[in-house]
Amino acid sequence: MSLEQEWVDLTPRDAIALQRKTATAVITEDQLPVVRTVAGVDVGFENKHTARAAVVVLDAATLEPVDHALARLPVSFPYVPGLLSFRECPVVLRALASLKVTPDLLLCDGQGIAHPRRLGVASHLGVLTGLPSIGVAKSRLVGTHDPVPDRRGAWVPLRDGDEVIGAVLRTRQGVKPLFISPGHRLSLATALEWVMACVTRYRLPETTRWADGLASNRGQRWLDRLK
């Protein structure tokens, strides 16, 4: 049975209960293989009924694309803040299954453990696939932080009460910071290292730029670059 079939009758209350149960399987210690490939993961919505997932696998050393996949599925779960993984995971899994190159590490456009129930889309995908994953979000979902120094690579902890749930990272001087959190099978320190390893001259890491480009309405232009 596919994930979309398993989740078709889930209510938001059911989803919250499943999140809490799944979050107990999240590992926030380093359990990575030798990372030779990194993948960007993003989901766009063509309309209110159809989700489009993009996964782009890059060579970890050169950041050049080596594989990619697109998938589309009907959206079967309502929009509820904090429950976006129930809208996004089924179509992402469909895209991942289409790849010829299995990535060693996922960088997901969304939260990892920086989530009220410690299970954002990056963590959820990590548990479902078993792959190490990182949440790379453009905005904060939960937590507080101090100001981030305006220099490349500077970061401050993102805290929820006394717990550090992520980091607020300045990838370039003079740009808004990103919200980084472990997804699954790696620590915060390692997550920050890999995000910065994937950053070139832009605010977003190359993984996110490629996946966002393919998942969005600009997808054809990015697909043309892969030919």
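Everything below is about the structure printed above this text.
S.K.: Give a detailed account of the overall build of the protein, specifying residues and quantitative values.
M.R.: From N to C terminus, the protein includes 7 helices and 8 strands. The C-alpha atoms of the protein give a radius of gyration of 16 Å, which matches the 17 Å a tight globule of 227 residues would have. Expressed as lengths along the three principal axes of its C-alpha atoms, the size of the protein is roughly 45 × 45 × 35 Å. Counting only residues that meet the buried cut, the protein has 56% of its 227 residues in that class.

S.K.: So what about the pattern of salt bridges? Which residues, and what values?
M.R.: Counted by the stated rule, this structure contains 7 salt bridges. For the salt bridge of Lys138 with Asp109, the shortest nitrogen-to-oxygen distance reads 3.0 Å. Of this pair, Lys138 sits in the loop between strand S5 (133–137) and strand S6 (155–160) while Asp109 sits in strand S4 (residues 105–109), and the two are 29 residues apart along the sequence. We classify Asp109 as buried; its relative accessible area is 18%.

S.K.: Can you break down empty space enclosed by the protein residue by residue, with the values?
M.R.: One pass over the structure, following the stated rule, counts 2 cavities of 30 Å³ or more. Estimates place the volume of the largest cavity at around 60 Å³. Around the largest cavity, the lining comprises 11 residues; the ones closest to its centre are Pro74, Val75, Ser76, Arg87 and Pro90. Listed by contribution, the elements that provide at least two residues to the lining of the largest cavity are strand S3 (65–74) and helix H3 (85–97). For the lining of the largest cavity, the element with the most residues is H3, which contributes 4 residues.

S.K.: Please provide a residue-by-residue account of the sheet that holds S3, values included.
M.R.: Strand order across the open sheet formed by 8 strands is S3-S2-S1-S4-S5-S8-S7-S6, with mixed pairing between neighbours. Either end of the sheet is taken by a strand with one partner, and the two such strands are S3 and S6. Here the strands of the sheet are splayed against their neighbours by 25° on average, with no regard to which way each runs. Examined bridge by bridge, S6 and strand S7 (residues 163–169) share 6 bridges and lie antiparallel to one another. Bridged to Asp160 within S7 is Glu163. Packed on one face of the sheet, H3 meets strand S1 (37–47), strand S2 (50–59), S3 and S4 and runs near 135° to S3. Along the sheet, helix H4 (residues 121–129) contacts S1, S4, S5 and strand S8 (178–184); its crossing angle with S8, the most-contacted strand, is approximately 20°.

Rules used throughout
- Residues numbered from 1 in each chain as written.
- Predicted model: local features only at pLDDT ≥ 70, side-chain atom pairs only at ≥ 80, totals over all residues.
- Heavy atoms only, no water.
- Helix = DSSP H or I, 4+ residues; strand = E, 2+ residues; numbered from the N terminus.
- Rg over C-alpha atoms; globule rule 2.2 N^0.38 Å.
- Buried < 20%, exposed > 50% of the residue type's maximum accessible area, 1.4 Å probe, protein only.
- Salt bridge = Lys/Arg side-chain N within 4 Å of Asp/Glu carboxyl O.
- 1 Å grid on protein atoms, 1.4 Å probe; cavity = no way out; pocket = protein on both sides within 12 Å on 5 of 7 lines; lining within 4 Å.
- Points joined across faces, edges and corners; volume = space filled by probe spheres on them.
- Pairing = 2+ DSSP bridges.
- Axes fitted to C-alpha atoms, helices over the stretch in contact; angles between N-to-C directions.
- Contact = heavy atoms within 4.5 Å.

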